Amino acid sequence: MLDESLLDAPDDLARVDRRGLLRGAAEAGARVRTAARHANEAGLAELRPDGRPRTVLIAGPGTAATGVADLLGALAGACAPVIRLDPTGVAHAAGALRWSLPGWAGPVDLLLLATTDGTEPGLAVLAEQAYRRGCTVVAVAPERSPLSEAVAGAHGLLVPMAKAPYQEYDESAAAGPGALWALLTPLLLLLDRVGLITAAPDTLQLVADRLDRTAERCGPAIATYSNPAKTLASELADSLPLIWSEGTGAAPAGRRFAATLAELAGRPALAAVLPEALPAHGILLAGAFAAGADPDDFFRDRVEEPQALRARIVLLRDRPTGGLTAAPAARELALSHDTAISELEPEEGAELEQLAELLAVTDFATAYLALASGGHS
């Protein structure tokens, strides 16, 4: 059950937010600026690449690294394939995870290491393997971590991960927005230098400004009725979110939203891209999760029973309103099944700015849903 009274009690929210979820979302803009400064100090601005890499390989543990790989792949598009190297191991622990390069990886490929920990022996072994194959290695990791030594030994480039302002990094929030932007920002600048995406320093300043403005709109002091993130959190209470996305940046934003809802708020969610979301999730709107589903006796006493989950569509879009869109078909399908729909569409701006706004609103919504549902231990 969602405690909606908690949403409009900023002091209580701060008290129960032991993982710093709201603080991490509010500081995302500052984290982008700090990470950009670290990247510049590490020498990314002086890089003179010989040409584009054939393939970009990304390795790292957890939701943050997965989100980074997904976002970079979407932004790079057809310029070069961006492939995440999935870890193997008997447990999700720094000492147990292992990564391997594909057999074809070589001197024309770029290996990116992204981690909020930096103690993973498997990443150090991967850096050594890449050096033997001739791959260029760039890592974003905590400064003076064991991985930094391995990257130096592989003649690679290390960018120290930007910590949260005024505090040490909290590993418990590794799936939160602070970790995402700390890892993503230097790699955006790097891929801009090698010509795979457009993310110049001026663009990232606009991204940081957009994150700041979104934090002002979605912060704990803003009442639910005028706060898009609190409103979305309230709408998702007791629902199964079907996150339908449309647009280059919206797709990875939707997948990240589903992942953080599960990991941080303990809520199941499904993500799909329009128009394929319509047949993929259509049966959910007519089955047991339908708005009007009631397979048992309507008149029985339900006072002591938990409320059943009902599907709710969350439509994330980053396309211009006047462009070719499947949104009308999505709304029509929802209406035909009496299914509620929430819509998020960012303000105009560069592609990265719109993406940042979608990520910020959904990160705040995840935090509010986690805290107001009791998921703050």
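Procedures and definitions
Residues numbered from 1 in each chain as written. Predicted model: local features only at pLDDT ≥ 70, side-chain atom pairs only at ≥ 80, totals over all residues. Heavy atoms only, no water. UniProt positions renumbered as here; feature names shortened; annotations may be inferred. Buried < 20%, exposed > 50% of the residue type's maximum accessible area, 1.4 Å probe, protein only. Helix = DSSP H or I, 4+ residues; strand = E, 2+ residues; numbered from the N terminus. Pairing = 2+ DSSP bridges. Contact = heavy atoms within 4.5 Å. Polar contact = N/O pair within 3.5 Å; in protein donor to acceptor, adjacent residues only side chain to side chain. Axes fitted to C-alpha atoms, helices over the stretch in contact; angles between N-to-C directions.

Going by the annotation in an unreviewed UniProt entry, the name recorded for the protein chain is SIS domain-containing protein, with Streptomyces caledonius given as the source organism. For the record of the protein chain, the UniProt heading Sequence similarities (unreviewed entry) holds the text "Belongs to the PGI/PMI family."

With seven of eight residues buried, strand β8 (residues 310–317) lies mostly within the body of the structure. In terms of strand pairing, β8 meets strand β9 (residues 341–344) through four bridges, oriented parallel. Residue L315 lies in a different strand from β9, and its bridge partner there is E343.

Turning to its location among the elements, S145 is positioned in the loop between β4 (136–141) and α7 (146–153). Through-space distance from the C-alpha of S145 to that of P61 is 15 Å; in sequence the pair is 84 residues apart. Other than its neighbours up to four places away in sequence, S145 contacts D117 and G118. A distance of 2.8 Å separates a polar atom in the side chain of S145 from the backbone oxygen of P142.

Our focus in this paragraph is the sheet that holds strand β7 (residues 270–273). Taken in spatial order, the four strands make up an open sheet running β7-β6-β8-β9, and their pairing is parallel. Looking at which strands have only one partner, the edges of the open sheet turn out to be β7 and β9. Averaged over all pairs of adjacent strands, the angle between strand axes in this sheet comes to 20 degrees, irrespective of strand direction. Where strand β6 (residues 239–246) and β7 come together, four bridges link them in parallel fashion. What sits directly across from W244, in β7, is A272. Together, β6, β8 and β9 form the strand contacts of helix α10 (residues 228–235), whose direction differs from that of β9 by roughly 155 degrees. The strands that helix α13 (residues 327–336) touches are β6, β8 and β9; relative to β8, the one it contacts most, it runs at about 165 degrees.

What follows concerns the sheet that holds β4. One open sheet accounts for five strands, arranged β2-β1-β3-β4-β5; its pairing is parallel. Bordering the open sheet on either side are β2 (82–85) and β5 (157–160), each of which pairs with just one other strand. Here the strands of the sheet are splayed against their neighbours by 20 degrees on average, with no regard to which way each runs. With five bridges joining them, strand β1 (residues 55–59) and strand β3 (residues 109–114) adopt parallel strand pairing. If you follow L57 over to β3, its bridge partner there is L111. With respect to the sheet, helix α5 (residues 62–76) is in contact with β1, β2 and β3, its orientation differing from that of β2 by roughly 165 degrees.

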